[in-house]
Amino acid sequence: MQVVSPPRRGPAPTGYTGRVGWLPRPVAQIMRGWVHQRGYPIINVYRNLETGVVTINQRRFLAVAGAGGSVACNATTSAWWIPSPSSAGGAAPAADTVFWVPPTCANITLPVKVARDDWLVLNSGLIGLYRVRYDARTLTQLSKLPRAAWLQMAPVTRLQLVSDSLDLARLGRAPYQTVLRMLSLLGRDPNPMVWRAALPHLIMLQRQLRTRRDGVALRSWLQDLVSPHAPSIGFTTRPQDTPNQASLRVKVTTLACLADHAVCQRKAKKALKQFMAGNTDAM
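Here the structure is a predicted model, which means the values were calculated and not measured.

Chemist: Looking at this structure, how should I read the overall build of the chain?
Modeler: When you go through the chain residue by residue, the secondary structure sums to ten helices and eleven strands. Dimensions of the chain, computed from C-alpha atoms along their principal axes, come out at roughly 75 × 40 × 40 Å. Residues counted as buried form 46% of the 283 residues belonging to the chain. Sequence-distant contacts, at least 24 apart, represent 63% of the contacts inside the chain between residues at least 6 apart. When the accessible surface of the chain is totalled, it reaches about 14400 Å², and 56% of it is carbon and sulfur. Here the chain contributes 35 positively and 13 negatively charged side chains, and the mean placements of these two sets differ by 4 Å.

Chemist: I tried to follow the packing of helix α5 (residues 176–183) against helix α6 (residues 192–209) on my own but got confused; where do I start?
Modeler: For any two helices packed against each other, the geometry is given by the interaxial angle and the distance between the axes. One can describe the packing of α5 onto α6 by two numbers: an axis separation of 13 Å at closest approach and a directional angle of 130°. It follows that α5 is oblique to α6 by the angle criterion. In this structure, the crossing between α5 and α6 has a hand that is left-handed. Together, Tyr176, Leu180 and Leu183 of α5 and Ala198, Leu202, Met204 and Leu205 of α6 make up the contact between the two elements. For the contact of α5 with α6, the residue count by class is seven nonpolar, no polar and no charged.

Chemist: Please explain empty space enclosed by the protein as it appears in this structure.
Modeler: A probe as big as a water molecule, rolled over the atoms, marks out the empty space that is left. On inspection of all chains with the given rule, the structure shows one cavity of 30 Å³ or more. Taken as a whole, the largest cavity spans an internal volume of roughly 40 Å³. For the largest cavity, the full set of lining residues is Val132, Arg133, Tyr134, Leu139, Ser165, Leu168, Arg173 and Ala174. Elements with a minimum of two residues in the lining of the largest cavity: β11 (131–133) and α4 (155–170).

Chemist: Which parts of the structure should I look at to understand the packing of aromatic side chains?
Modeler: Aromatic rings in a pair are described by how distant their centres are and how their planes are angled relative to each other. Considering all chains together, one arrives at three aromatic pairs under this definition. Aromatic side chains Trp34 and Trp80 sit 6.0 Å apart centroid to centroid with 50° between the ring planes, which places their arrangement in the tilted category. Here Trp34, found in helix α1 (residues 27–36), pairs with Trp80, found in the loop between β5 (70–71) and β6 (82–83); they are 46 residues apart in sequence, far enough to count as distant. Centre to centre, the rings of Tyr40 and Phe61 are 5.6 Å apart; their planes meet at 25°, and the pair counts as stacked. On the criterion of sequence distance, the pair formed by Tyr40 in the loop between α1 and β3 (41–47) and Phe61 in strand β4 (residues 53–61) is long-range, its members being 21 residues apart. It is Arg131 that lies over the ring of Phe61; its NZ or CZ is 5.3 Å from the centre.

Chemist: What is the right way to read the pattern of salt bridges from this model?
Modeler: Pairing of side chains with opposite charge becomes possible as their charged atoms draw close. Applying the stated rule across the entire model yields ten salt bridges. For Arg158, the salt bridge identified is with Asp189, shortest N-O distance 2.7 Å. Remark: Asp189 occurs in the loop between α5 and α6 and Arg158 occurs in helix α4; sequence separation between them is 31 residues. We note that Arg158, like Asp189, is buried.

Chemist: Is there a simple way to think about the state of the cysteines in this case?
Modeler: Working definition of a disulfide: a covalent bond connecting the sulfur atoms of two cysteines. One pass over the full model with this rule turns up two disulfides. Each disulfide pairs two cysteine sulfurs, and for Cys73 the partner residue is Cys105, the sulfurs being separated by 2.1 Å. Across the S-S bond of Cys73 and Cys105 the torsion is about -85°, and the bridge reads as left-handed. Of the two residues, Cys73 sits in the loop between β5 and β6 while Cys105 sits in the loop between β8 (97–101) and β9 (108–113), which places them 32 residues apart along the sequence. A disulfide bridge connects Cys257 with Cys264, and the sulfur atoms are separated by 1.7 Å. On the sign convention where negative is left-handed, the bridge of Cys257 and Cys264, at about 95° about the S-S bond, is right-handed. Given a relative accessible area of 10%, Cys264 falls into the buried group. Sequence-ordered numbering of the bonded cysteines in the chain gives a disulfide pattern of 1-2, 3-4.

Chemist: Looking at this structure, I do not really get α6. What am I missing?
Modeler: Residue pairs three or four apart in sequence face the same way in an α-helix, which turns once every 3.6 residues. In this model α6 runs 25 Å from its N-terminal to its C-terminal C-alpha over 18 residues, within 8% of the 26 Å that 1.5 Å per residue would give. Largest kink in α6: about 35°, centred on Ala198, with the proline Pro200 one to four residues after it. Along α6, the residues that are buried comprise Pro192, Val194, Trp195, Ala197, Ala198, Leu199, His201, Leu202, Ile203, Leu205, Gln206 and Leu209. At its buried positions, α6 is contacted by α4, α5, α7 (213–226) and α9 (243–258). The N-cap residue of α6 is Asn191: its side-chain oxygen and the backbone nitrogen of Met193 are 2.9 Å apart.

Chemist: It is not clear to me how α5 should be interpreted in this structure. Could you clarify?
Modeler: If you check which residues of α5 are buried, you get Thr178, Val179, Leu180, Met182 and Leu183. Looking at the buried residues of α5, the elements they touch are α2 (136–143), α3 (147–152), α4, α6 and α7.

Definitions and cut-offs
- Residues numbered from 1 in each chain as written.
- Predicted model: local features only at pLDDT ≥ 70, side-chain atom pairs only at ≥ 80, totals over all residues.
- Heavy atoms only, no water.
- Helix = DSSP H or I, 4+ residues; strand = E, 2+ residues; numbered from the N terminus.
- Buried < 20%, exposed > 50% of the residue type's maximum accessible area, 1.4 Å probe, protein only.
- Contact = heavy atoms within 4.5 Å.
- Areas by Shrake-Rupley, 256 points an atom, 1.4 Å probe, with all protein chains shown as cover.
- Lys, Arg positive; Asp, Glu negative; His and termini not counted.
- Charge placed at Lys NZ, Arg CZ, Asp CG, Glu CD.
- Axes fitted to C-alpha atoms, helices over the stretch in contact; angles between N-to-C directions.
- Parallel < 35°, antiparallel > 145°, perpendicular 65-115°, else oblique.
- Left-handed = near helix turned anticlockwise from the far one by under 90°.
- Nonpolar A, V, L, I, M, F, W, Y, C, P; charged D, E, K, R; others polar.
- 1 Å grid on protein atoms, 1.4 Å probe; cavity = no way out; pocket = protein on both sides within 12 Å on 5 of 7 lines; lining within 4 Å.
- Points joined across faces, edges and corners; volume = space filled by probe spheres on them.
- Phe/Tyr/Trp six-rings, centres within 6.5 Å; stacked < 30°, edge-to-face > 60°.
- Lys NZ or Arg CZ within 6 Å of the ring centre and 35° of its normal.
- Salt bridge = Lys/Arg side-chain N within 4 Å of Asp/Glu carboxyl O.
- Disulfide = S-S within 2.5 Å.
- Expected span 1.5 Å × (residues − 1).
- Bend = angle between axes of the 7 residues up to and from the residue.
- Polar contact = N/O pair within 3.5 Å; in protein donor to acceptor, adjacent residues only side chain to side chain.

Following this line, the structure appears as structure tokens:
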């Protein structure tokens, strides 16, 4: 592959920034880890609030409860060349540059600084197959984003945030309280792809907690989550539905009925009454 710009070293001695199309190593060397090593990586993100410096490292992701979501790093058998675009404070990732994390167990410093009150997202656009785990403050900032800032992100970026956060919460690597606060933004998110990332986890939580005291709070939270979508998509199919509306309705109504939403209960009782009266199309 032709090098379209010379490599530029980031603040860390082993991080590389170059124009899109430039590779820090030959393709075969970069792909060796992705082809021959088991699993895929997780990037751990740490921010220094005083200096704005962002430090990351990589480990092999392990989706086993009790293992903490990762295993000890070995630069020979569990480290990858990882492309890592980032955006901070609402700014879109640079479209013409990419930062490469080399296959090392050492900490790497990103070539950007993030202001204390700005939020940060790595793997913007979900261009790489890896998980991202944020430190507590960064995750809290993401959970408090206004709706406009949340929807400003690309749908695949929102999907990645939802999927990674829920998986890490299940493994004990992220606080459920903060993750669910971030998921409250789904109440205003019209993209069914983002909802699809959250649905299996929320169903699992509801079923596990249904008979416990925490289940009451979760059920109320789920009802609040789906309620904003009821006026726009309703609970029944319509001829004018777009594919996105039809797909979103399936996911929203699934959660609504699982959480005993009042509208879902009324419609279920009405359909049952019609069915018992002989209308077999009501069910």
